[in-house]
Amino acid sequence: MQKLIEKANTLMEALPYIRRFSGKTIVIKYGGHAMADEELKKSFALDVILLKYIGINPVIVHGGGPQINDTLKRYGIVSEFVQGMRVTDATTMSVVEMVLTGQVNKEVVGNINLHGGMAVGLSGKDGGLLLCTKLLKEIKGEDGKISRVDMGFVGQVTRVDPTIIKTLEKGRFIPVIAPVGVGVDGESYNVNADLVAGKVAAALGAEKLILLTDVPGVKDREGNLLSSIELSEVEGLIESGVITGGMIPKVTCCQEALQEGAGKAHIIDGRIEHAILLEIFTDVGIGTEIRS
């Protein structure tokens, strides 16, 4: 009986959050180990299906770096990276688009639908969702001078038209977005999935932006998890070296999303089963919340 009571208490703890977020949109960046492990893939699908059933609108933006790497390797295409970002020529772009929109996107959609959801796959080309321009990467040389590197068909989002997402939400569908954008002349661009998620969250005025990662969240100098960060603290944490390496672009993405219209941002460990539900519907949460 005590175990049953504990289950009931868990539901009661979630009730105020369900009430607060009903009818709201939550944008989730799906990537990392959560996309590779079979149990975690099922856990993710059930999480977003549950959100939809209780009246919350999840919007998924997925990555696909490992799958792109595997396919390029099979084709004998060697990638060049600049500060961790893939230089994308026309041949590489055709593979990137094929993998992201034709393979990964359909796998994510299929997995959600397999477990009882109603997901629809999109890319940034659909409905003019993501308009992009070429990204010129700024590199600081040893002499201190800044140079710009042409990254090929790597894009930065200049405009998000959320009309197609809102239409799908009204039809009770779950949008699943591949991070491929379109230029003014119809050319395809490879865009960082974190950045796409941030821009989409801002354009929708999402209640939350959630980034699934392979780390617990943002940590302090002693390695302790920072459960909450104020938006005004972000710059200082980066300058002081508390936020370093690959966490910088993720936090910066959250920062921009909040400044442009999203409500809160969360960086959580996608290796934990039902990580999304634990972050949204519990008093403590499991990751780092960034709030304005």
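Residues numbered from 1 in each chain as written. Predicted model: local features only at pLDDT ≥ 70, side-chain atom pairs only at ≥ 80, totals over all residues. Heavy atoms only, no water.

1. Focus on the packing of aromatic side chains
Here the structure, examined in full by the defined rule, presents three aromatic pairs. Ring centres of Tyr30 and Phe44 lie 3.7 Å apart, and the angle between their planes is 0°; on these two criteria the pair is classed as stacked. Within this pair, whereas Tyr30 is found in strand S1 (residues 25–30), its partner Phe44 is found in helix H2 (residues 38–53), the two being separated by 14 residues in sequence. Taking relative accessible area as the criterion, Tyr30 reaches 3% and is therefore assigned buried. One cation-aromatic arrangement involves Lys134 over Phe153; the distance from NZ or CZ to the ring centre is 5.6 Å. (Phe/Tyr/Trp six-rings, centres within 6.5 Å; stacked < 30°, edge-to-face > 60°. Helix = DSSP H or I, 4+ residues; strand = E, 2+ residues; numbered from the N terminus. Buried < 20%, exposed > 50% of the residue type's maximum accessible area, 1.4 Å probe, protein only. Lys NZ or Arg CZ within 6 Å of the ring centre and 35° of its normal.)

2. Concerning the pairing of strand S8 (residues 174–178)
Most of S8 is tucked away, with five of its five residues classed as buried. Neither face of S8 is open: one carries Ile174, Val176 and Ala178, the other Pro175 and Ile177, and all of them are buried. As paired strands, strand S2 (residues 57–62) and S8 are joined by two bridges and run parallel to one another. In the sheet register, Ile60 faces S8, and the bridge partner there is Val176. (Pairing = 2+ DSSP bridges.)

3. Some thoughts on the environment of Ala45
Following the sequence through the fold, Ala45 ends up in helix H2. Residue Ala45 is classed as buried on the basis of its relative accessible area of 0%.

4. Considering empty space enclosed by the protein
Counted according to the given criterion, the structure contains two cavities of 30 Å³ or more. Estimates place the volume of the largest cavity at around 60 Å³. Lining the largest cavity are Ala34, Leu40, Ser43, Phe44, Asp47, Leu212, Gly270, Ile272, His274, Ala275 and Ile276. When residues of the lining of the largest cavity are traced back to their parent elements, those giving at least two are H2 and helix H9 (275–281). Considering only residue class, the lining of the largest cavity consists of seven nonpolar, three polar and one charged. Put simply, the second largest cavity is a space of about 30 Å³. (1 Å grid on protein atoms, 1.4 Å probe; cavity = no way out; pocket = protein on both sides within 12 Å on 5 of 7 lines; lining within 4 Å. Points joined across faces, edges and corners; volume = space filled by probe spheres on them. Nonpolar A, V, L, I, M, F, W, Y, C, P; charged D, E, K, R; others polar.)

5. Quick look at the layout of surface pockets
If you add up the space inside the largest pocket, you get close to 1400 Å³. What lines the largest pocket is a set of 46 residues, and nearest its centre among them are Gly84, Met85, Asn192, Ala193 and Asp194. Among the elements of the structure, helix H3 (65–74), strand S4 (85–87), strand S6 (130–140), strand S7 (146–160), helix H6 (193–204), strand S11 (208–213) and helix H8 (247–259) are those that each provide at least two residues to the lining of the largest pocket. In terms of residue count, the dominant contributor to the lining of the largest pocket is H8 (six residues). Partitioned by chemical class, the residues of the lining of the largest pocket number 20 nonpolar, 17 polar and nine charged. The space that makes up the second largest pocket amounts to roughly 280 Å³. Considering the residues around the second largest pocket, the lining is formed by 18 residues, among which Lys264, His266, Glu279, Asp283 and Glu289 are closest to the centre. Of all the elements in the fold, those that place two or more residues in the lining of the second largest pocket are helix H1 (2–21), strand S13 (264–269), H9 and strand S14 (288–291). No other element matches the three residues that H1 contributes to the lining of the second largest pocket.

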